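Spelled out, the chains give:
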Amino acid sequence: MIEPNLAPAGTTATDASARVLVCSVDRGLFGIQAAWVEAVYPIASMSVHTTRTDAGQRQAFIVHRDEPALIVDLRQAIGLDGVLGDATRDAFLVLRSGPALLALPVDHCVGIRT
């Protein structure tokens, strides 16, 4: 159900100073909360490893500070890999999502926005 009569959400001092790292993937821009980002690595400098899940599927990962960072391709995550095919990326954006590390393949980082 959509509620059209909601008041706009207020901002707190924490929200007002939030910083977002803007990256490019397939000529589209997306933003990640800068506090979540742990590193950006050139893909050419990283070794990609794989493991098998309980379901028998392969899961690729890189190692960041002695922890595995699961590689999550945004094309695959939103179901566009079958339509757009594979792409070569320039960097891995490593971010923390709860207790897990994720590595997002990106074309390049545009900058920080507030």
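In this report, we go over the structure that sits alongside the text. The shown structure was predicted, so the numbers you read here are calculated from the model rather than taken from an experiment. (Residues numbered from 1 in each chain as written. Predicted model: local features only at pLDDT ≥ 70, side-chain atom pairs only at ≥ 80, totals over all residues. Heavy atoms only, no water.)

**Digging into the sheet that holds strand β4 (residues 49-52)**
Part 1 of the argument: Strand order across the open sheet formed by 6 strands is β3-β7-β8-β6-β5-β4, with mixed pairing between neighbours. With partners counted over all chains shown, the strands left at the sheet margins are β3 (37-42) and β4, one partner each. In this sheet, neighbouring strand axes are inclined to one another by 35 degrees on average, regardless of whether the strands run parallel or antiparallel.
Part 2 of the argument: The pairing of strand β6 (residues 67-71) with strand β8 (residues 100-106) spans 3 bridges and is parallel. What sits directly across from Ile71, in β8, is Ala103. (Pairing = 2+ DSSP bridges. Helix = DSSP H or I, 4+ residues; strand = E, 2+ residues; numbered from the N terminus. Axes fitted to C-alpha atoms, helices over the stretch in contact; angles between N-to-C directions.)

**Things to note about the sheet that holds strand β1 (residues 20-25)**
Part 1 of the argument: Spatially, 3 strands are ordered β2-β1-β9 in an open sheet, and the strand pairing comes out antiparallel. The sheet is open, and its two borders are formed by β2 (28-33) and β9 (108-113), each paired with just one other strand. Going across the sheet, the axis of each strand differs from the next one's by a mean of 30 degrees, ignoring polarity.
Part 2 of the argument: Note that β1 and β9 share 5 bridges and pair antiparallel. Note that in β9 the partner of Val20 across the bridge is Arg113.

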